[in-house]
Amino acid sequence: QAAEIRHLRVCRRQPEVAVVALSSVYPRSAKVPVDAPGHHQLYRTTDGGETWRAILFRHPDMKACNITTRTWLTDRWGSMSGIASVAACDRDPQVLGATDWARNFRSDDGGKTWRETQSHRLSDAGELLGTGTTPVLNVNGYHIHPTQPNVRFLSTMDFWGFASRDGGKTWH
């Protein structure tokens, strides 16, 4: 089975930089290791598509997991779905956003590291408390303003959505 392109975002100021989200190469029912080839579903190019590198390793069991902050969603469910949406900033190709239906991610270094931006577990006892970020919902779109990279939007299926004015650190 071949992967299919789900989303492709090209940086308008630097069109040689692009990000693509792919479907999994494995059937949904397949039991494959998290480090299996084709499991990484977000890739970036900086040379107009000559070469691509995987940039988002979401599952905590992956050796290359590059999410620097994990929320309780990852601890509870891991990475169960593909990338639902990807965003690339037109002004700064290092600024990226993505969502996998439940979790939202932001990167300020071209995908080397990512931060989750939902409610965080704040106590060692496991008490879940909000931090001014998004609650759990079905997020199906991550959008970065074309001229103001700190302004971002999440479109949701549950209600009208969220906006951030601080680069995706907090959502309202």
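A quick note: this is a predicted structure, and the numbers were derived from the prediction, not measured.

Trainee: Please explain the pattern of salt bridges as it appears in this structure.
Mentor: Per the stated rule, a full pass over the model turns up three salt bridges. Here Asp 90 ties to Arg 12 by a salt bridge, and the two come within 3.3 Å at their closest N and O atoms. With Asp 90 in the loop between β6 (85–88) and β7 (96–99) and Arg 12 in the loop between β1 (5–10) and β2 (18–22), the pair connects residues that are 78 residues apart, well separated along the chain. One salt bridge in this structure joins Asp 108 and Arg 152, with 3.9 Å as the shortest N-O distance. Placement of Asp 108 in the loop between β8 (104–107) and β9 (114–116) and of Arg 152 in strand β11 (residues 152–156) is noted, with a sequence separation of 44 residues between them. Take Arg 152: its relative accessible area is 2%, and that puts it in the buried class.

Trainee: Please explain the sheet that holds strand β10 (residues 139–144) as it appears in this structure.
Mentor: Backbone hydrogen bonds are what pair the strands of a sheet, in a parallel or an antiparallel way. Within the open sheet, the three strands sit side by side as β10-β11-β12. Their pairing is antiparallel. The open sheet has two free edges, formed respectively by β10 and β12 (162–164), since each of these has just one partner strand. Between one strand and the next, the sheet's axes are offset by a mean angle of 15 degrees, whatever the strand orientation. Direction of pairing for β11 relative to β12: antiparallel, over a ladder of three bridges. Within β12, the residue paired with Leu 154 across the bridge is Phe 162.

Scoring rules and cut-offs
- Residues numbered from 1 in each chain as written.
- Predicted model: local features only at pLDDT ≥ 70, side-chain atom pairs only at ≥ 80, totals over all residues.
- Heavy atoms only, no water.
- Salt bridge = Lys/Arg side-chain N within 4 Å of Asp/Glu carboxyl O.
- Helix = DSSP H or I, 4+ residues; strand = E, 2+ residues; numbered from the N terminus.
- Buried < 20%, exposed > 50% of the residue type's maximum accessible area, 1.4 Å probe, protein only.
- Pairing = 2+ DSSP bridges.
- Axes fitted to C-alpha atoms, helices over the stretch in contact; angles between N-to-C directions.

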